[in-house]
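# Reading the structure
Here's the letter readout for the chains.
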Amino acid sequence: MTKIYICSICLFSLLLVNGCSSDAGELETTPPPSQGEENPTPEQVVQDSTTAIYRHFFFRGTHNSYSGNQGGMKREGLTTQLESGLRFFEFDLFSFYTEEELQTNWTEDVDYLSSFHYVDKNYLFSYSSMDGLFKIYEVVDGEQELRYDNSADPWTEEHREFNVLNYQSEQYVLDYVPTSGTLTVHNYNGTVLNFIGSKDTGVVDARLSSFIFEEKAFITLYSSDTGVYEIKEIIFDNSEITLGTTLYKVESVPAGESFYPFEQDNTLYIFRHNVNTVTNYRVETIDVNGTLWSLNTSKTNSSDLLKGNVKAVRSNGKVYVNSYTANGEVIGSQLIIDDGVPILVYEYNNEKDVLVSAEVKLTPTQRGYNLLLQKGSAVQLSTIHIGDLVLGHDAPGDEVDLTVDNPSSIMLSDWIDYMEQWSEDHPNHEPLFIMTELKEYEQWLADAKWHDIIELMQNKFGDKLRYHSSSGFYTESIVDQNKIVDGKTLYFMDENGSKEGGMRGKVVLYIQPNNNITKSEHTNNFKPFGTSSGILQENFLQLRRYRENNKLVSPDWRKPNNYGNDIGAYIDARDDSYISRIFHMQSSEGDGQYDNIRCTDVMFAVSDKPYEGLYVDYAQEQEVKNDLESVVGCD
C-alpha cells in the first residue's frame, strides 16, 4: 500500500510539471503562485532537491533587442531592459556595413579622380591634363580638405594613368604616361608628395596596375590595342627605383579582358574576367620558379554574383570582387581557392543608395575597400567594411533604435561593452543569455566570421563566458570545453546546493542555427569548416508548440491559420503584448523537445512588448520556478 501511495504522489507531481503531451487533453493545472505569495498547499508546489541535476528555469527577454520602440513595440533600450530584469537578448548580425564617406559635385574639370587609404584616413586625388595640376584631398566628416597640390611646379600637360601602392608601410603614387611609356614614382607622407624617380617601361599605350607577392612589388601593363599583358618587378632601394625586365607575358588577350594578380597560400594567382562573358571567370596559377614565370594551371568557374561592371581588389590578404550594375546594384564576393578550386563566396550587398550608371574604381582599405563612383561631376565615395560585426534586421543598421537608451552605434562591440560593464556592476546577477542570429548566411563562411563573435565575447567577458551546448561549440578549438553548458546546468545553485554558486554573474553565448551554413546548394560547394550537418549550433530549439493553460501557443502566433485544431483560435485571442517567440534549452540529449515542457528545460519566452499585457502576467507566474528549492520526479 505504501509503494502504491508513493507512486501516486510521484505521478501526480510529474503531471503537474509536464501537463498533457497532446493538444487534445483538457486537464487543468494549477499555476505556480505569483512572486511573493504563500504556497496555498504544499502538495501543489513542485519540489526540487538541492542535489538534483535537472531544473526548470524561466527567463524574460526581447525579440530583436536592439529595435527599441520602433514600430510601437515598446522594448525600450538596453539600459531599461537590463534594469527591468530582462536576461535574454537577441541580436541580428551582419558581417559588413557601408559607410558613406563623401557625396559631392566636383567643381573642377579633371581627367582623373581616384582614392586611397593611408594611416587610417581616406584620400582623393585628382589630375588635370589641361594644366598639369595634381591634388590630394583628405576626406574629413563628409568634406574634402586639400592636403597637397603641385601648383607651384605643375607637371607636363599630357594624359596619365595612375596607380597607388602601399608597400612596406609607405604610400606610393605611380604615374604612367601612355604616349611615352614613362613611369614616375612618388611617395606621399600625409602632407607632401615627394619625387622618387622615373623609368622607361618600354611599353606604350597601356593601363597600369600593381600588386605585391612574397613581399616584393610588381607593376602590370596591359595594352588592350595589342592584346598584350605583362608583369615587371619594381625595386625600391635607398629612395631609388629599379624596373626589372618582363617576368610574365600573355599575348593575344581577348577584348574586354581584365587581370587581377593576387597571392594566397604563398602561391601567385591571376583572376581573369571578361566583360563579354559576365558570369564566367578564370583563375590561373603562375609558376614563379626560374628567371621567367609561366602558366601552371588554369581553372574556370561561373557565378551569378558577377554582373555588370566587375572589378577586383586585394585587401589585407584577401581578394574581393565587386559587381556594379547600371541601376546601382552592388554585390561583393570574396575569391577563395578551396582545394585548388576557385570559389566566389558572397560577402556583402551595398545597403546604401549609390550613383547609377557611374564609373567605378576600387582601392583597398584596412578591412575592406573603398568604392568610388563618378558620373559627370557627381562623386560618391563609400567604404565597404568587411568582417566587422554590426546590428540590423534586414540590412546593417536596419531597425536599430538609437533614440532610446541604447548604445549610440550599430557596432556589436559597443553593445557588448555596455553589457560587460553592467555585469561588472551587478556581480551576482542572473545569467545573461546572448543570442546572435546570423543574417545573409553565406557571408559567414569566408574566414569563419562566427569566430569573430566568439572571440569578441571571450575578450569582453573573460572567465564569465559560457557557451550553450551544441555540436558547433564542441568542434570549435577556440572554445573551452569545460565552459559548455546545457539544460542540466545548475543555474541558481552549485553542486552543493548553495545559491551563491551556479551560474550567477555568468554570460551564456548562443549562435543561432541555420541549415544553409556549409550546405553545397547554398555555398557553391565551398565547405572549409567542420560543422555538423551544416549547422553551427543545433540544440537550442525554437518551439513550434508550447503548452499554456493546456493549449498550444506558437512562436509565430500572429499567423494562427498555420496551425490546426483549436490552436489557431486560441492564438487569435492573444494580442501584440503577449509572446513573440519561445525558446528552450535542453540537455544535450534533447528528449521531449516540443510537446513535453518539463523540468529539464531552460525556458525563454521573449516579447516585442516586454513591459505590459499578458506577457507580464505570464512571466510573473513562470519566474516562480527560478526560486523553488526542490523538485520531486525530475530525476
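Small disclaimer: the values here were computed from a predicted structure and weren't measured.

Glancing now at the overall build of the protein. Check the secondary structure of the protein and you find 8 helices and 34 strands. With 635 residues in all, the protein has 54% of them scored as buried. Sequence separation of 24 or more characterises 58% of the internal contacts of the protein that already satisfy a separation of 6 or more.

Inspection of the entire model under this criterion finds 19 salt bridges. The partner of Glu284 in a salt bridge is Arg282, and the shortest N-O contact between them spans 3.3 Å. Its relative accessible area of 3% is what places Glu284 among the buried residues. On the accessibility criterion, Arg282 (31% relative accessible area) is partly exposed.

The sheet built from 4 strands is open, its strands ordered β15-β16-β17-β18 with antiparallel pairing. In this open sheet, the two edge strands, each paired with only one partner strand, are β15 (257–264) and β18 (294–302). Mean inter-strand twist for the sheet, computed between neighbouring axes without regard to direction, equals 25°.

A separate point is the environment of Thr201. Position of Thr201 among the secondary structure elements: in the loop between β10 (193–200) and β11 (207–213). In this structure Thr201 comes out as buried when scored by relative accessible area, which is 5%. Counting along the chain gives 19 residues from Thr201 to Thr182, while the straight-line C-alpha distance between them is 6.0 Å. Among residues more than four places away in sequence, those in contact with Thr201 are Tyr176, Gly181, Leu183, Ile219, Leu221, Lys232 and Leu243. Within polar-contact distance, the side chain of Thr201 engages the backbone oxygen of Gly181 at 2.6 Å.

When you line up the elements, His117 lands in strand β3 (residues 112–118). Exposure remark for His117: the relative accessible area of 16% places this residue in the buried category. Counting along the chain gives 246 residues from His117 to Thr363, while the straight-line C-alpha distance between them is 7.6 Å. A polar contact is formed between the side chain of His117 and the backbone oxygen of Lys121, at a distance of 3.4 Å.

A few words now on the sheet that holds strand β21 (residues 330–338). Across the sheet, which stays open at both edges, the 4 strands sit in the order β19-β20-β21-β22 with antiparallel pairing between neighbours. Pairing within the sheet leaves two strands with one partner each, and these edge strands are β19 (309–315) and β22 (341–349). Strand-to-strand, the axes of this sheet are offset by a mean angle of 30°, without reference to chain direction. One ladder, built from 6 bridges, connects strand β20 (residues 318–324) with β21; its direction is antiparallel. Note on β21: the bridge partner recorded for Val319 is Leu335.

Formed by 37 residues in total, the largest nonpolar core has its most connected members in Phe262, Phe271, Val283, Val321, Leu335, Tyr369 and Leu373. Residue contacts for Val321: discarding those within four places in its chain leaves Phe271, Leu306, Val310, Lys311, Ala312, Ile331, Gly332, Ser333, Leu335 and Leu344. Residues Leu86, Ile416, Leu438 and Phe473 belong to the second largest nonpolar core, which totals 34 residues.

When pLDDT is low, close inspection of the predicted coordinates is not appropriate. Here the protein averages 80 in pLDDT, while 74% of its residues score no lower than 70. Scored below 50 in pLDDT, residues 529–535 makes 21 contacts in the model with residues more than four places away or belonging to other chains.

Further remarks concern a negative patch on the surface. A cluster of acidic residues, Asp109, Asp111, Asp131 and Glu157, forms a negative patch at the surface. As for its position among the elements, Glu157 is in the loop between β6 (143–149) and β7 (161–167). By relative accessible area, which is 56% here, Glu157 ends up exposed.

Another point: unusual backbone geometry. Of note in this structure, Asp120 is not a glycine but carries a positive phi near 60°. Within the secondary structure, Asp120 sits in the loop between β3 and β4 (121–128). At Asp205, a position not held by glycine, the phi torsion is positive, near 55°. Examined against the element boundaries, Asp205 turns out to sit in the loop between β10 and β11. The class of Asp205 is partly exposed, set by a relative accessible area of 44%.

Right, let's get into the packing of helix α3 (residues 412–425) against helix α4 (residues 450–461). Relative placement of two packed helices is described by the angle separating their axes and the distance separating the axes. In the contact formed by α3 and α4, the axes pass within 10 Å of each other and the chain directions differ by 30°. Judged by the angle between their axes, α3 and α4 are roughly parallel. Between α3 and α4 lies a crossing of right-handed hand. Together, Leu412, Ser413, Ile416, Asp417, Met419 and Glu420 of α3 and Leu456, Met457, Lys460 and Phe461 of α4 make up the contact between the two elements.

The next thing to look at is the pairing of β19. Two strands pair when backbone bridges link them, and β19 and β20 are joined in this way by 7 bridges, in the antiparallel orientation. Paired with Lys311 across the two strands is Asn322, which belongs to β20. A loop of 2 residues connects β19 with β20, the two strands running antiparallel in sequence, and Asn316 in this loop sits at a positive phi of about 55°.

On inspection of all chains with the given rule, the structure shows 32 aromatic pairs. Taking 4.9 Å as the distance between ring centres and 25° as the angle between the ring planes, the aromatic pair formed by Phe134 and Trp155 counts as stacked. Taken together, the positions of Phe134 in strand β5 (residues 133–140) and Trp155 in the loop between β6 and β7 put the pair 21 residues apart, joining distant regions of the chain. The buried category is assigned to Trp155, whose relative accessible area is 15%. Summarising the aromatic geometry, the rings of Phe134 and Phe162 are spaced 5.5 Å apart at their centres and angled 35° between planes, so their arrangement reads as tilted. Here Phe162 lies in strand β7 and Phe134 lies in strand β5, a separation of 28 residues in the sequence. An identical accessibility class is assigned to Phe134 and Phe162; each is buried. One aromatic cluster in this structure is built from Tyr112, Phe116, Tyr123, Phe125, Tyr127, Phe134, Trp155, Phe162 and Tyr188. Here the basic side chain of Lys361 rests over the ring of Tyr112, its NZ or CZ set 5.0 Å away from the ring centre.

Further remarks concern α3. One turn of an α-helix holds 3.6 residues; hence residues three or four places apart share an orientation. For α3, which comprises 14 residues, the first-to-last C-alpha distance of 20 Å matches the rise-based estimate of 20 Å (1.5 Å per residue) to within 8%. If you check which residues of α3 are buried, you get Leu412, Trp415, Ile416, Met419, Glu420, Trp422 and Ser423. Each buried residue of α3 sits inside an arc of 160° when the element is viewed along its axis, so together they form one side. Elements that come into contact with the buried residues of α3 comprise α2 (78–83), β2 (88–105), β25 (378–391), β26 (432–438) and α4.

What counts and what doesn't
- Residues numbered from 1 in each chain as written.
- Predicted model: local features only at pLDDT ≥ 70, side-chain atom pairs only at ≥ 80, totals over all residues.
- Heavy atoms only, no water.
- Helix = DSSP H or I, 4+ residues; strand = E, 2+ residues; numbered from the N terminus.
- Buried < 20%, exposed > 50% of the residue type's maximum accessible area, 1.4 Å probe, protein only.
- Contact = heavy atoms within 4.5 Å.
- Salt bridge = Lys/Arg side-chain N within 4 Å of Asp/Glu carboxyl O.
- Pairing = 2+ DSSP bridges.
- Axes fitted to C-alpha atoms, helices over the stretch in contact; angles between N-to-C directions.
- Polar contact = N/O pair within 3.5 Å; in protein donor to acceptor, adjacent residues only side chain to side chain.
- Core = buried A, V, L, I, M, F, W, Y, C linked by side-chain atoms within 4.5 Å.
- pLDDT = per-residue confidence, 0-100.
- Patch = residues over 30% accessible without salt bridge, like charges linked within 9 Å, V, L, I, M, F, W, Y side chains within 5 Å.
- Areas by Shrake-Rupley, 256 points an atom, 1.4 Å probe, with all protein chains shown as cover.
- Lys, Arg positive; Asp, Glu negative; His and termini not counted.
- Charge placed at Lys NZ, Arg CZ, Asp CG, Glu CD.
- Parallel < 35°, antiparallel > 145°, perpendicular 65-115°, else oblique.
- Left-handed = near helix turned anticlockwise from the far one by under 90°.
- Phe/Tyr/Trp six-rings, centres within 6.5 Å; stacked < 30°, edge-to-face > 60°.
- Lys NZ or Arg CZ within 6 Å of the ring centre and 35° of its normal.
- Expected span 1.5 Å × (residues − 1).
- Arc of directions from axis to C-beta.

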